[in-house]
Amino acid sequence: LSNFDLFLDFFQVTGPNVIDAYQWSVALRLKVVKMHTAYEDVLRQIPIWQVDNEQMQKTGIGSSKEGNILALRYETFLHSVYSLCETLSRITVRFYPTLSHGFREQKNELLGKKNSVDPQYAKILETVVWFDEVRAIRSEATHFLSGFTTISKNGEPGYFNTPKNKREGSLQEISKESIEK
């Protein structure tokens, strides 16, 4: 068993501390499956997009359908990553009630307190440097404008969105050279 599976097995039987522990455990397992499925959907769509893109370059005729599908699958994948992290934070707060409920808030709190709540969890959060970017891209696509696929210099599908979020710390530019990477 992985450490994650072992934790979920343990969490299912934690007792009266977490009344709905079994449901949270099942939800986490399902979110991991959904995240992997969304990732695989992105990877499966890339070659379809590439064939469509090559056809459009040869004939000068094409549609944006496959690119729209790829952007949708990419945004869905990012949303599934964000959702998994948020659910994890809801479970973490059951063990550490002084923490905030959101993943980003927990990350900021633990790193700001110099690991005083749980050094191991803080160490994990230090490695999650990608979360703020995932959250920002997902937030833009959810609350503001939809992004679209682009073609990189290498011919790979990229992703672009024009950020409209004016909050402090929000992304000023969203431009990914490679959706796959």
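Scroll up a little and you will see the structure.
Reading the values: rules and limits
Counting from 1, residues in each chain are numbered in the order their sequence is written. Selection of residues for local features in this predicted model requires a pLDDT of at least 70, selection of side-chain atom pairs for listing and counting requires 80 or more, and totals for whole chains, interfaces and linings are taken over all residues. Just so you know, side-chain values use all the structure's heavy atoms and leave hydrogens and water out. Planes of paired rings set the category: under 30 degrees apart is stacked, over 60 is edge-to-face and the rest tilted, where pairs are Phe, Tyr or Trp rings (Trp by its six-membered ring) whose centres lie within 6.5 Å. Each helix is a run of H or I in the DSSP string that is no shorter than four residues. Each strand is a run of E no shorter than two, and both are numbered from the N terminus. Exposure is judged per residue with a 1.4 Å probe applied to protein chains only, and the accessible area is read against the type maximum: over 50% gives exposed, under 20% gives buried, and values in between give partly exposed. In this scheme, the term charge over a ring applies when either NZ of a lysine or CZ of an arginine sits within 6 Å of the ring centre and within 35 degrees of the ring normal. DSSP bridges decide pairing: two strands pair if at least two such bridges lie between them. Here an angle of 0 to 180 degrees is reported between the N-to-C directions of two axes, which are lines fitted to C-alpha atoms, with helices fitted over the stretch in contact. Between two residues, a contact is recorded if the distance between any of their heavy atoms is within 4.5 Å.

**Q** What is the right way to look at the packing of aromatic side chains in this model?
**A** For any two aromatic rings, the description comes down to two numbers: the centre-to-centre distance and the angle of the planes. The final tally for this structure, using the stated rule, is nine aromatic pairs. A ring pair is formed by Phe7 and Phe11, whose centres lie 5.7 Å apart and whose planes are at 25 degrees; its orientation type is stacked. Taken together, the residues Phe7 and Phe11, both in helix H1 (residues 3-12) and four residues apart, mark about one turn of the helix. According to the relative accessible area criterion, Phe7 is partly exposed, its value standing at 27%. Members of the aromatic cluster, connected to one another through ring pairs, are Tyr82, Phe103, Trp130 and Phe131. Looking at Arg138, its charged tip hangs above the ring of Tyr82, at a distance of 4.1 Å from the centre.

**Q** Just to check I follow, could you spell out the sheet that holds strand S3 (residues 174-176) for this structure?
**A** Two modes of strand pairing occur in sheets, parallel and antiparallel, and in both the strands are linked by backbone hydrogen bonds. Taken together, the three strands give an open sheet; going across it, the order is S1-S2-S3, and neighbouring strands pair in antiparallel fashion. Of all the strands in the sheet, the pair left with one neighbour each is strand S1 (148-151) and S3. Adjacent strand axes in the sheet meet at a mean angle of 25 degrees, parallel and antiparallel pairs treated alike. As defined by bridge partners, S1 adjoins strand S2 (residues 157-161) across four bridges and the pair is classed as antiparallel. Across the sheet, the residue bridging to Ile151 is Pro157, located in S2. Seen against the sheet, helix H2 (residues 21-59) touches S1 and S2 and runs at an angle of roughly 60 degrees to S1. Those strands touched by helix H6 (residues 131-143) are S2 and S3, and its axis lies near 115 degrees from that of S3.

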